[in-house]
Amino acid sequence: MTNTERVLGSKVDLAVSSGARARTVLVTSGTGKTGRRVVERLGSGDVPVRVGSRAGEVRFDWADDSTWGAALRGADAAYVAYYPDLAAPGAQDAMRLFGRTAVDTGVRRVVLLSGRGEPEAVLAESALGEAYPDLTVIRSAFFAQNFSEGAMTEGVLAGVVAFPGGGTAEPWIDADDVADVVVAALTEDGHEGQTYELTGPRLLTFAEAAAEISRMTGRAVRYTAVSGTEYAESLNRFGLPVPEAEWLAGLFTTLLDGHNASTTDGVKRVLGREPRDFAAFARHAAAAGAWEG
């Protein structure tokens, strides 16, 4: 399952210094894939946490920088999960402004979610690093949960997952592992200034991932490779504006050209254990009813 016990088992120590008050953490995109998992773990450890979202009690909108200051004020740490992606146009400017705002409001520790193998995301990391030289960066592979909570869920339910991944293998990472690493970086000393690349323990092509899901669910699921252009057209048919659809399809095509087809020891370095395998993710998701419908 998850490694919450290791991260929280000895009681999360969020004192700013010995005898100081507990550190309050702002979780941006706090209802997203990793954000809500981070919130759950911090809350389980009795950590004061603010769930930043566009419509929540703590309003935080990446598209409206006027919401950032109030959400950050009084927080000592922040988990930064930028929407739509750290490689997106405008992300560098947003990170630079967010960093200045966070410093002005007294935030001391920042953990940033980034994408593995994204040159534009590295530039955005550096922009935030101007304000936080001790920034902790989490560069993640594709989430396994994209099949159960994301864009490919409908494809699994329909029996056909269409994506511009070709035959490229990807080291799928479980979002629970990402959240465990983020919580460790937020709550433990020794992660300041570190960059961790997180992957699962093995490589699987999209076809192999679909086969694993089929095996765990008894549902026939196959993968169909499509071009970036075809994928952009399908996104547009589902309502995404053409520029955004083309950008997103281009990003996926670039990320799945084979340069990320390797595994790392990032999870083990932080948590002292191996990451969860894709088969274990699929088994758990199936048991939880992720693909019932």
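Before any of the text, the structure's been laid out above.
Summary of the structure given here. The structure displayed is predicted, hence computed values, not measured ones. Here the residue numbering is sequential within each chain, running from 1 through the sequence in written order. Owing to the predicted nature of the model, reporting of local features is limited to residues with pLDDT of at least 70; listing and counting of side-chain atom pairs is limited to 80 or more, with chain, interface and lining totals taken over all residues. As a convention, hydrogens and water are excluded, and side-chain values are obtained from all of the structure's heavy atoms.

### Points about the pattern of salt bridges
- Salt bridge, as used here, is a side-chain nitrogen of Lys or Arg placed within 4 Å of a carboxyl oxygen of Asp or Glu. By the definition in use, this model includes 21 salt bridges.
- As a salt-bridge pair, Arg-36 and Glu-40 come within 3.9 Å of each other at their nearest N and O atoms. You can see Arg-36 and its partner Glu-40 sitting in helix α2 (residues 33-44), four residues apart, about one turn around the helix.
- The residue Glu-192 makes a salt bridge to Arg-109 at a minimum N-O spacing of 3.0 Å. Of this pair, Glu-192 sits in the loop between α7 (175-187) and β9 (195-198) while Arg-109 sits in strand β5 (residues 109-115); the two residues are 83 residues apart in sequence, bridging distant segments of the chain. By the criteria applied, helices consist of DSSP H or I runs no shorter than four residues and strands consist of E runs no shorter than two, each listed in order from the N terminus.

### Quick word on the sheet that holds strand β4 (residues 77-80)
- In this scheme, strands are said to pair when DSSP sees at least two bridges between them. Across the sheet, seven strands lie side by side as β3-β2-β1-β4-β5-β6-β9; this open sheet has parallel pairing. Edge positions in the sheet fall to β3 (58-59) and β9, since each has one partner strand and no second.
- The pairing of strand β1 (residues 25-27) with strand β2 (residues 49-53) spans three bridges and is classified as parallel. Residue pairing across strands places Leu-26 opposite Arg-50, the latter belonging to β2.
- Together, β5 and β6 (136-140) form the strand contacts of helix α5 (residues 119-129), whose direction differs from that of β5 by roughly 170°. Residue contacts are defined here by distance: any two heavy atoms, one from each residue, within 4.5 Å place the two residues in contact. All axes are obtained by fitting lines to C-alpha atoms, using only the stretch in contact for helices, and the reported angles, taken between N-to-C directions, cover 0 to 180 degrees.

### Brief notes about the packing of helix α8 (residues 206-217) against helix α12 (residues 278-287)
- Taken N-terminus to C-terminus, the directions of α8 and α12 make an angle of 40°; their axes are 9 Å apart at the nearest point. Classed by the angle they form, the pair α8 and α12 counts as oblique. Crossing angle aside, the handedness with which α8 passes α12 is right-handed. Contact residues: Ala-209, Glu-212, Ile-213, Arg-215, Met-216 and Thr-217 in α8; Phe-278, Ala-279, Ala-282, Arg-283 and Ala-286 in α12. Oblique is the label for every angle not falling under 35 degrees (roughly parallel), over 145 degrees (roughly antiparallel), or within 65 to 115 degrees (roughly perpendicular). In a left-handed crossing the near helix is turned counterclockwise from the far helix by less than a right angle, and in a right-handed crossing that turn is clockwise.

### Brief notes about the layout of surface pockets
- Site definitions follow a grid-based scheme: protein atoms alone, a 1 Å grid, a 1.4 Å probe that fits but cannot get out for cavities, and for pockets an open set with protein on both sides within 12 Å along at least five of seven lines, plus lining residues having an atom within 4 Å of a point. Grid points are joined across faces, edges and corners, and a volume is the space filled by probe spheres set on the points. Roughly 1200 Å³ of internal volume is contained in the largest pocket.
- Looking at the largest pocket, it is lined by 38 residues, and the ones nearest its centre are Tyr-83, Pro-84, Asp-85, Leu-248 and Phe-252.
- Breaking the lining of the largest pocket down by element, the ones donating at least two residues are α2, β5, α9 (228-237) and α10 (242-255).
- For the lining of the largest pocket, the element with the highest residue contribution is α10, accounting for six residues.
- Three residue categories are used. Nonpolar comprises Ala, Val, Leu, Ile, Met, Phe, Trp, Tyr, Cys and Pro, charged comprises Asp, Glu, Lys and Arg, and polar comprises the others, including Gly. Looking at the lining of the largest pocket residue by residue, the classes come out as 22 nonpolar, ten polar and six charged.
- Roughly 390 Å³ of volume is contained in the second largest pocket.
- Ala-151, Glu-154, Tyr-231, Leu-235 and Phe-238 are the residues nearest the centre of the second largest pocket, which is lined by 15 residues in total.

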